[in-house]
Amino acid sequence: MTDKKVTRREFVADAGKIGLGVMIVPRHVLGGVGFQAPSDTMNFAVIGFGGMGSENALELAKTENLVAFADVDFGYSESKVAEKLKDNEKKDRPEGVTLKQKFDKAKRYSDFREMLDKQKDIDGVVIATPDHLHAVAAKAAMQRGKHVYVQKPLTYSVHEARVLRDMARANPKIVTQMGNQGHSSEGARLINEWIQAGIIGPVREVHVWTNRPVVYWPQGVPRPAAGPPPPAPPSPFGNPYSFRYVNQLLASALGSYPVPPGLHWDLYVGPVAEDLPYHPIYHPFNWRGWINFGVGALGDMGAHLIDHPFWALGLTYPTSIEATSTQWGTMPIPPDPKAAAGTRESRGSNRPVSYPVATAVHYQFPARGAQPPVKLNWYDGGLYPPRPDLLPDDVTLKSEGGVIFMGDKGILMNDTYGSNPRLFPESLIEDAALVPKTYARIPWSHEMNWVKAIKGETKASSPLEYAAQLTETMLLGIVALRTGQGRKILYDGANMRVTNIDDANQYLTREYRAGWAV
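What comes next is a walk through the structure. These figures come from a predicted structure and were not determined experimentally.

Here we take up the overall build of the protein chain. For the protein chain, the count of helices and strands is 17 helices and 17 strands. Radius of gyration (C-alpha) of the protein chain: 26 Å, near the 24 Å computed for a compact globule of 518 residues. Across its three principal directions, the C-alpha atoms of the protein chain cover 105 × 60 × 50 Å. Sequence-distant contacts, at least 24 apart, represent 70% of the contacts inside the protein chain between residues at least 6 apart.

It is worth spelling out the packing of aromatic side chains at this point. For the structure shown, the criterion picks out 23 aromatic pairs. Between the aromatic rings of Y317 and Y491, the centroid separation amounts to 6.5 Å while the plane-to-plane angle is 70°, which identifies the pairing as edge-to-face. In this pair, Y317 sits in the loop between α13 (307-312) and β8 (320-325) while Y491 sits in strand β16 (residues 488-492), placing the two residues 174 residues apart along the sequence. The exposure class of Y491 is buried, given its relative accessible area of 6%. In textbook terms, an aromatic cluster arises when at least three aromatic residues are bridged by ring pairs, as seen for W265, Y268, Y278, Y282, W290 and F293. Its end group placed over the ring of W516, R113 keeps NZ or CZ at 4.1 Å from the ring centre.

Looking now at helix α7 (residues 131-143). Counting buried positions along α7 yields eleven of 13 residues, so the element is predominantly enclosed. Inspection of α7 places D131, H132, L133, H134, A135, V136, A137, A138, A140, A141 and M142 among the buried residues, and these make up the whole buried set. The positive-phi residue at the C-terminal boundary of α7 is G145, with phi of around 80°.

All right, on to the pairing of strand β4 (residues 124-127) then. Residues G124 and V126 of β4 are buried on one face, and the alternating residues V125 and I127, pointing to the opposite face, are buried as well. As paired strands, strand β1 (residues 43-47) and β4 are joined by four bridges and run parallel to one another. The partner of F44 across the bridge, within β4, is G124. Summarising the sheet, β4 and strand β5 (residues 147-150) pair through four bridges and their orientation is parallel. Paired with I127 across the two strands is V150, which belongs to β5. Running through α7, the crossover from β4 to the neighbouring parallel element β5 is right-handed.

The final tally for this structure, using the stated rule, is one cavity of 30 Å³ or more. Approximately 80 Å³ is the volume attributed to the largest cavity. In terms of lining, the largest cavity is formed by 13 residues, of which the most central are A297, T359, D380, I478 and L481. For the lining of the largest cavity, the secondary structure elements donating two or more residues are α12 (296-305), β11 (359-365) and α17 (464-483). The residue makeup of the lining of the largest cavity, split by class, is eight nonpolar, four polar and one charged.

On to the nonpolar core. If you look at the biggest cluster of nonpolar residues, it comprises 93 residues, and the most contacted ones within it are F112, I306 and F405. The element that contributes the greatest number of residues to this core is α17, accounting for twelve residues. Ranked by size, the runner-up nonpolar core spans 22 residues in total, among them V46, L66, V126 and A460.

In this structure, the largest pocket occupies an estimated 1,200 Å³ of space. What lines the largest pocket is a set of 49 residues, and nearest its centre among them are I291, R351, P352, V353 and R482. For the lining of the largest pocket, the elements supplying multiple residues, two or more each, are α10 (243-254), β8, β9 (329-333), α14 (344-347), β10 (349-354) and α17. Per element, the largest residue contribution to the lining of the largest pocket is six residues, and it comes from α17. Taken together, the residues that form the lining of the largest pocket break down as 24 nonpolar, 15 polar and ten charged. Here the second largest pocket is characterised by a volume of approximately 730 Å³. Lining the second largest pocket are 41 residues, and of these G50, G51, M52, A128 and W287 lie nearest its centre. Those elements giving two or more residues to the lining of the second largest pocket turn out to be α3 (52-60), α4 (74-83), α7, α11 (265-269) and α12.

Reading the values: rules and limits
- Residues numbered from 1 in each chain as written.
- Predicted model: local features only at pLDDT ≥ 70, side-chain atom pairs only at ≥ 80, totals over all residues.
- Heavy atoms only, no water.
- Helix = DSSP H or I, 4+ residues; strand = E, 2+ residues; numbered from the N terminus.
- Rg over C-alpha atoms; globule rule 2.2 N^0.38 Å.
- Contact = heavy atoms within 4.5 Å.
- Phe/Tyr/Trp six-rings, centres within 6.5 Å; stacked < 30°, edge-to-face > 60°.
- Buried < 20%, exposed > 50% of the residue type's maximum accessible area, 1.4 Å probe, protein only.
- Lys NZ or Arg CZ within 6 Å of the ring centre and 35° of its normal.
- Pairing = 2+ DSSP bridges.
- Right-handed = clockwise from strand over helix to strand, strands pointing away.
- 1 Å grid on protein atoms, 1.4 Å probe; cavity = no way out; pocket = protein on both sides within 12 Å on 5 of 7 lines; lining within 4 Å.
- Points joined across faces, edges and corners; volume = space filled by probe spheres on them.
- Nonpolar A, V, L, I, M, F, W, Y, C, P; charged D, E, K, R; others polar.
- Core = buried A, V, L, I, M, F, W, Y, C linked by side-chain atoms within 4.5 Å.

Okay, here's the thing in structure tokens:
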């Protein structure tokens, strides 16, 4: 047997000699070098094409077949595809042209449920909607036997993370992946190898920070309110411009807007039980700062930052979580004349509607075998961790975020997505260079890792079995935040229950609109 490749020209000549005889044709001959046969091509669909959905599709469309997409705003999806036709230097972008060609041919739907029912040729589904729809769409796709790539955070609630985890376990042939692309990176593997080789010694504390939401989207703002501004309230201090009154004025100034043509707002709201009027402050992108649609900076960046200590240290469920923050954005709840005198309901109150601008969350994790307990500290909204004594004065904590592992012998620091891992003191670098590469490298993109896993060529890097527990940990920070300032919740991970504050358990799940429950 020879390994020599048969060229197209040689095949045609040989076929002429053979005449009507039978010839076994190598697949690559029929399509030329690099040809991918239709039988080797995955048919994929996208739910939520604008934003990250178009980014994921850009990568997948290089080799795979986009057959359909579902989005509530076709105009926004089209604009995101158009953006990808040129690079930053305004030159033609071949992969953008390919995406545009496949996008234009793909069947389009406003309702992803209709797409999943009608489009029988879908192999895998990319889900890149706002957070509140992730689990609803993923569950629907998995129930139909579709492979799923779900953007981070995997789910909106702890309950939803458990549901998707259990579905993945019950259906091992469905290939799943969360879109935390740093999990497939070289840096993530170096972090694991250095930590697990003991280069910085036992780790007892980790600091994680991000500058989100600052400069990215608004948080800590009131819900837009229709109508004129309220009159100034009486003030014992002689100035009515209290924090509450300023927020009432801001809510009124934001005003009200009609739903723009082409936007299916009812489908956008989806499982949200509340009757929520449209406002351009929500769509596109800014939804992640609002309680109805997103889970703030923890949901946006926790999967890219908490991921690395969670994985490298082999963390499991935290045993306690506490959170503190700046002010929430609120909406007023008017007094209830039927409520008992002296109660909160009789006085009226303010209900949180958008997440605080800045948050700090502190997780306690138990010991794992010989590894000591770990305290993991999260900071967002422009808050930074304290500088470790071993960190040289000329090393800047990057505003976009990072991670610091505090070991008994030194510290390991990395940037967002696990990039640029580095050690201090620098004398540890020599030891790190001797650590063997025990984690298999992924030479493809995170999206293509999912595709190759579907084709049986490798394993998914961040499957739901892992991603669900990481997501649950992230979201427990939101549970602690909503439970209240200055309170610590104790968590029983085995039974998915807060054991010391019963009211906190309501935040492990959410209320659904009829027909949308997970």
